[in-house]
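# Structural features, examined
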Amino acid sequence: MQKIMLTGATGLLGRTLYSTLVNDFEVVGTGFSRATAPLYQLDLGNQNAVIDFLELHQPDALIHAAAERKPDVCENAPEQTIALNVAASEFLAKQCALRDIALIFISTDYVFDGKAPPYLESAQTNPLNLYGQSKQQAEQAVLAHSSRHSVVRVPVLYGDVSELAESAVSVIATQISATETTKHDNWAVRYPTHVEDIAFTLRDLLKCPENLGGIFHISDNQAMSKYDMACIMADILGYPKSLLEPFDEPSQSAARPHDCALADSRLKPQGIAHGRDFKQAIQSVLTAI
Ligand SMILES: NC(=O)c1ccc[n+]([C@@H]2O[C@H](COP(=O)([O-])OP(=O)(O)OC[C@H]3O[C@@H](n4cnc5c(N)ncnc54)[C@H](OP(=O)(O)O)[C@@H]3O)[C@@H](O)[C@H]2O)c1
């Protein structure tokens with residue numbers, strides 16, 4: 001049985017990756033501040049600890065999902081962002097290459113500038129904010145270290161959360177109101193994707209490890225703005241949609257791309273594709289919490 005190491009196993013994506021992959025693989029999951037057994041605590045900024053961990057567990061593949069992924073936090077903490085998103089990723093890529101471990105680096109649609117969608121895996125990257133720049137630098141470092149290393153770009157994610165604010169999608173449910181008018185971004189086009197569909201896709205890919213290497217795109221295909229998502233959530237929660245105002249200009253502090261639709265020319269043609277209806281899926285998320 002393949003042994004898969006997973007960083008970020010305490011995070012939004014990592015928790016579902018862990019619970020999905022344990023059904024088919026031996027999984028060694030690591031987190032940082034939230035790590036409790038069976039997960040291990042591993043500070044990716046501690047290079048000796050990373051080497052010791054790799055030597056001890058000797059995985060066949062490593063999914064690297066740990067990152068600082070909030071663009072505004074990245075902008076305000078550039079040194080910590082570069083240390084985790086770039087330096088730690090580059091170090092992992094080098095150490096994995098030395099040990100013939102296939103690294104799968106989770107990246108983002110924010111490596112693109114959003115001006116010419118849809119983007120193929122081979123499209124030119126041109127990130128608009130520090131988060132995207134840090135992921136672009138990490139992608140380049142990862143791919144330079146081994147032809148068996150992979151970059152997996154994903155769009156905005158949602159799924160089972162410990163609190164609604166954990167996802168940029170489900171947080172919208174905390175921002176809308178039954179009694180007050182609220183404004184929601186109607187400029188950026190997003191493709192909300194359920195973390196379980198990312199996990200199912202990576203599971204299928206890992207079952208054919210000979211296909212690893214290079215860049216992959218995984219994305220659901222329902223295009224919507226945060227305003228559109230707010231309307232769907234208002235319906236689910238029984239709030240009047242008349243209280244939702246679309247905001248048609250870019251509204252957040254860190255620059256955001258307009259539309260980074262990810263085209264998948266590698267996985268779907270192999271029959272590896274998982275998706276779901278957004279309204280039904282977000283309803284499950286909102287009622288589960
Ligand atoms: N969420 C999205 O909408 C989205 C969109 C596109 C791409 N992505 C990418 O998908 C991946 C997963 O994102 P996510 O939303 O699951 O992130 P998340 O929920 O914010 O989780 C971040 C993870 O990183 C870990 N971490 C933080 N600092 C660490 C350190 N020094 N050493 C080791 N681990 C550390 C955290 O551990 P503790 O919590 O235990 O401290 C946590 O497990 C990231 O690469 C992100 O860039 C996410």
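None of the values given here were measured: they were computed from a predicted structure.

## Some points on the site of the ligand
Close to the ligand lie 26 residues; Thr10, Ser33, Arg34, Tyr131 and Lys135 are nearest. Between Gly11 and the ligand, the recorded distance is 3.2 Å, taken from a backbone N or O atom to an oxygen atom. Against a free-state accessible area of 910 Å², the protein chains account for coverage of 89% of the ligand. Taken together, the elements giving at least two residues each to the shell around the ligand come down to helix 1 (12-21), strand 5 (102-108) and helix 5 (130-145).

## Examining helix 9 (residues 278-288)
Those residues of helix 9 that fall on the buried side of the exposure criterion are Phe278, Ala281, Ile282, Val285 and Leu286. All buried residues of helix 9 project into a common sector of 135 degrees when viewed along the axis, lining one side. Facing away from the buried side of helix 9, by more than 90 degrees, are the exposed residues Gln280, Thr287 and Ala288. If you follow the buried residues of helix 9, they end up packed against strand 7 (157-158), helix 6 (172-175), strand 9 (193-194) and helix 8 (226-237). Sitting at the head of helix 9, Asp277 places a side-chain oxygen 3.3 Å from the backbone nitrogen of Lys279.

## Description of the environment of Phe32
If you trace the backbone, Phe32 turns up in the loop between strand 2 (26-31) and strand 3 (40-41). Residue Phe32 is classed as partly exposed on the basis of its relative accessible area, which comes to 48%. For Phe32 and Val50, which are 18 residues apart along the polypeptide, the C-alpha to C-alpha distance reads 12 Å. When sequence neighbours within four positions are dropped, the list of residues in contact with Phe32 reads Thr10, Gln41, Leu42 and Asp43.

## Observations concerning the packing of helix 2 (residues 47-57) against helix 4 (residues 78-98)
At a closest axis distance of 11 Å, the pairing of helix 2 and helix 4 adopts a crossing angle of 35 degrees. Helix-helix and strand crossings are classified by hand; for helix 2 and helix 4 the assignment is right-handed. In this structure, helix 2 uses Gln47, Val50, Ile51 and Leu54 to contact helix 4, whose residues at the interface are Phe91, Leu92 and Gln95. Residue classes in the contact of helix 2 with helix 4 are distributed as five nonpolar, two polar and no charged.

## Looking at the pairing of strand 5
Among the seven residues that make up strand 5, seven are buried, leaving the element largely enclosed by the rest of the structure. Side chains Ala102, Ile104, Ile106 and Thr108 project from strand 5 onto one buried face, and the interleaved Leu103, Phe105 and Ser107 project onto a second face that is buried too. Of the pairings in the sheet, the one linking strand 4 (residues 61-64) to strand 5 comprises four bridges and is parallel in character. Note on strand 5: the bridge partner recorded for Ile63 is Ile104. Here five bridges tie strand 5 to strand 6 (residues 150-154), and the two strands are oriented parallel to one another.

## Regarding the side chain of Thr7
Here Thr7 shows up in strand 1 (residues 3-7). Within the structure, Thr7 has its side chain in polar contact with the backbone nitrogen of Ala65 (distance 3.0 Å). A polar contact of 3.1 Å, which involves the side chain of Thr7, links it to the backbone nitrogen of Ala66. With residues near it in sequence (within four places) discarded, Thr7 still touches Thr30, Leu44, Leu62, Ile63, His64, Ala65, Ala66 and Leu92.

## Some thoughts on the pairing of strand 6
Counting buried residues along strand 6, five of its five residues qualify, which places the element largely inside the surrounding structure. Here strand 6 shows two buried faces, one formed by Ser150, Val152 and Val154 and the other by Val151 and Arg153. Handedness of the crossover joining strand 5 and strand 6 through helix 5: right-handed.

## Quick notes on the pattern of salt bridges
Summed over all chains, the structure comprises eleven salt bridges. Of the charged contacts in the structure, one is a salt bridge between Asp24 and Lys207, with a shortest N-O distance of 3.3 Å. Here the residue Asp24 occupies a position in the loop between helix 1 and strand 2, and Lys207 occupies one in the loop between helix 7 (195-206) and strand 10 (214-217), the gap between them amounting to 183 residues. Relative accessible area serves as the criterion here: at 30%, Asp24 is assigned to the partly exposed category. Taking the relative accessible area as the measure of exposure, Lys207 reaches 46% and is therefore partly exposed. If you follow the salt bridges from partner to partner, you end up with Arg15, Arg34 and Glu166 in one network.

## A look at the environment of Ala188
For Ala188, the position within the fold is in the loop between strand 8 (182-185) and strand 9. When the C-alpha atoms of Ala188 and Met224 are compared, they prove to be 8.2 Å apart, with 36 residues separating the residues in sequence. Here Ala188 is in contact with Met224, Ser225, Pro257 and His258, once residues within four sequence places are set aside.

Definitions and limits used
- Residues numbered from 1 in each chain as written.
- Predicted model: local features only at pLDDT ≥ 70, side-chain atom pairs only at ≥ 80, totals over all residues.
- Heavy atoms only, no water.
- Near = heavy atom within 4 Å.
- Polar contact = N/O pair within 3.5 Å; in protein donor to acceptor, adjacent residues only side chain to side chain.
- Areas by Shrake-Rupley, 256 points an atom, 1.4 Å probe, with all protein chains shown as cover.
- Helix = DSSP H or I, 4+ residues; strand = E, 2+ residues; numbered from the N terminus.
- Buried < 20%, exposed > 50% of the residue type's maximum accessible area, 1.4 Å probe, protein only.
- Arc of directions from axis to C-beta.
- Contact = heavy atoms within 4.5 Å.
- Axes fitted to C-alpha atoms, helices over the stretch in contact; angles between N-to-C directions.
- Left-handed = near helix turned anticlockwise from the far one by under 90°.
- Nonpolar A, V, L, I, M, F, W, Y, C, P; charged D, E, K, R; others polar.
- Pairing = 2+ DSSP bridges.
- Right-handed = clockwise from strand over helix to strand, strands pointing away.
- Salt bridge = Lys/Arg side-chain N within 4 Å of Asp/Glu carboxyl O.

Shape is all these values report; function is a separate question.
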